[in-house]
Amino acid sequence: MSTILAFDFGEARIGVAMGSTELGIAHPLETIATVETDKRFVRIEALIKEWQPTLCVVGLPLGLDGEEQLASRLARKFANRLTGRFGVSVTLVDERYTSKSASMALDDTGLRGRRQKPVLDQVAAMQILQAFFEQGGEQVREQGGEQGGVA
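Position numbers for residues start from 1 in each chain and track the written sequence from start to end. The predicted nature of this model means local features are confined to residues of pLDDT at least 70 and side-chain atom pairs, given and counted, to a pLDDT of 80 or more, with totals for whole chains, interfaces and linings taken over all residues. With hydrogens and water set aside, each side-chain value is computed from the structure's full complement of heavy atoms.

*Asks:* Can you walk me through the packing of aromatic side chains in this structure?
*Replies:* Two aromatic rings are characterised by how far apart their centres lie and by the angle between their planes. Aromatic rings from Phe, Tyr and Trp, with only the six-membered ring used for Trp, were paired whenever their centres fell within 6.5 Å, and each pair was classed as stacked if the ring planes differed by under 30 degrees, edge-to-face if by over 60, and tilted otherwise. All chains considered together, the criterion is met by five aromatic pairs. Between F7 and F78 the ring centres are 5.6 Å apart and the planes differ by 70°, which places this aromatic pair in the edge-to-face class. Highlighted residues: F7 in strand β1 (residues 3–8) and F78 in helix α2 (residues 70–86), separated in sequence by 71 residues. One exposure class covers both F7 and F78, and it is buried. Between F132 and F133, the aromatic rings sit 6.2 Å apart at their centres with planes inclined by 55°, giving tilted as the arrangement. An aromatic cluster is present here, built from F7, F9, F41, F78 and F86 joined pairwise through their rings. Charge-over-ring placement is defined geometrically: NZ (Lys) or CZ (Arg) within 6 Å of the ring centre, and within 35 degrees of the ring normal. One cation-aromatic arrangement involves R85 over F41; the distance from NZ or CZ to the ring centre is 4.1 Å. Only DSSP runs of H or I with at least four residues qualify as helices, and only runs of E with at least two residues qualify as strands; both kinds are numbered from the N terminus onward. We call a residue buried when its accessible area falls under 20% of the maximum for its residue type, exposed when it is over 50%, and partly exposed in between, using a 1.4 Å probe and counting protein chains only.

*Asks:* Could you clarify how one ought to interpret the pattern of salt bridges in this entry?
*Replies:* Proximity of charged atoms lets side chains of opposite charge pair with each other. By convention in these notes, a salt bridge is any Lys or Arg side-chain nitrogen within 4 Å of a carboxyl oxygen on Asp or Glu. If you walk through the whole model with that rule in mind, you get five salt bridges. R43 serves as the salt-bridge partner of E30, at 2.7 Å between the closest nitrogen and oxygen. One end of the pair, E30, is in strand β3 (residues 25–32); the other, R43, is in helix α1 (residues 37–51), with 13 residues separating them in the sequence. Its salt-bridge partner being E68, residue R76 comes within 2.6 Å of it at the nearest N-O pair. Owing to a relative accessible area of 29%, R76 belongs among the partly exposed residues under this scheme. E68 sits in the partly exposed class, given a relative accessible area of 36%.

*Asks:* How should the pairing of β1 be read in this particular structure?
*Replies:* Side chains on a regular strand alternate between the two faces of the sheet. Among the six residues that make up β1, six are buried, leaving the element largely enclosed by the rest of the structure. Along β1, one buried face is formed by T3, L5 and F7 and the opposite face, lined by I4, A6 and D8, is buried too. At least two bridges found by DSSP between two strands is the condition for calling them paired. The sheet contact formed by β1 and strand β2 (residues 14–20) spans six bridges and is antiparallel. Residue L5 lies in a different strand from β2, and its bridge partner there is M18. The loop that links β1 with its antiparallel partner β2 comprises five residues. Alignment of β1 against strand β4 (residues 55–60), held across four bridges, turns out to be parallel. Bridge assignment links F7 to a residue of β4, and that residue is V58.

*Asks:* Can you walk me through the nonpolar core in this structure?
*Replies:* Considering soluble globular proteins, one finds that nonpolar side chains tend to be buried as a cluster. Formed by 22 residues in total, the largest nonpolar core has its most connected members in L5, F7, I14, I44, V58, F78 and L82. Those elements that place two or more of their residues in this core are β1, β2, α1, β4, α2 and β5 (90–94). Contact criterion: two residues are considered in contact whenever any of their non-hydrogen atoms come within 4.5 Å of each other. Apart from residues no more than four positions distant in its own chain, L82 is found in contact with F7, F41, I44, C56, V58, G87, V88 and V90. Of all hydrophobic cores here, the second largest spans 12 residues; its members include A26, A125, L129 and F133. Put simply, buried Ala, Val, Leu, Ile, Met, Phe, Trp, Tyr and Cys residues joined by side-chain atoms within 4.5 Å make one nonpolar core.

*Asks:* For this particular structure, what's the right way to read the environment of L82?
*Replies:* Checked against the element boundaries, L82 lands in helix α2. In this structure the C-alpha to C-alpha distance between L82 and V58, which are 24 residues apart in sequence, comes to 9.7 Å.

*Asks:* Just checking my understanding: could you explain the layout of surface pockets for this structure?
*Replies:* A water-sized probe, rolled over the atoms, reveals where empty space remains. In this structure, the largest pocket encloses a volume near 180 Å³. The method works on a 1 Å grid over the protein atoms by themselves. A cavity is a set of points holding a 1.4 Å probe that cannot get out, a pocket is an open set with protein on both sides within 12 Å along at least five of seven lines, and residues with an atom within 4 Å of a point line them. Forming the walls of the largest pocket are F9, E11, V35, T37, R40, F41, L74, K77, F78 and R81. Of all the secondary-structure elements, those providing two or more residues to the lining of the largest pocket are α1 and α2. The biggest single contributor to the lining of the largest pocket is α2, with four residues. Tallied by class, the residues present in the lining of the largest pocket amount to five nonpolar, one polar and four charged. Grid points are joined across faces, edges and corners, and a volume is the space filled by probe spheres set on the points. Residues are grouped as follows: nonpolar covers Ala, Val, Leu, Ile, Met, Phe, Trp, Tyr, Cys and Pro; charged covers Asp, Glu, Lys and Arg; every other residue, Gly included, is treated as polar.

Written out as structure tokens, the structure reads:
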């Protein structure tokens, strides 16, 4: 059984989710709520040591037209840093609509408005990872991923 960590990267917060390849089910894990890069990576390092993922999945925020934008470049940079700092394989997954979908899912649980903020990003990361599982992990190959690099 292999563990995968997923990240919903944002400039203010990073949502984190985890799941196992055996079950193919993603679970929200935590939100890293700091803009300080060093503090972010200290926490990510602790998560990588704890969960020992065989792969990390990073959401790639594309525009509605499927084109890359500034946020896409920042997510790619974050993915490259994961690989460079921790030597983990990383793949990128289209994350269009995940934040909106996560917000709607939280609305359904009765968690609305500002009360969603602490968990919204980790639920979005969970949805990114769940999409990866539902696609059979094919995005690693479709996007030309290589071991130890960013797909």
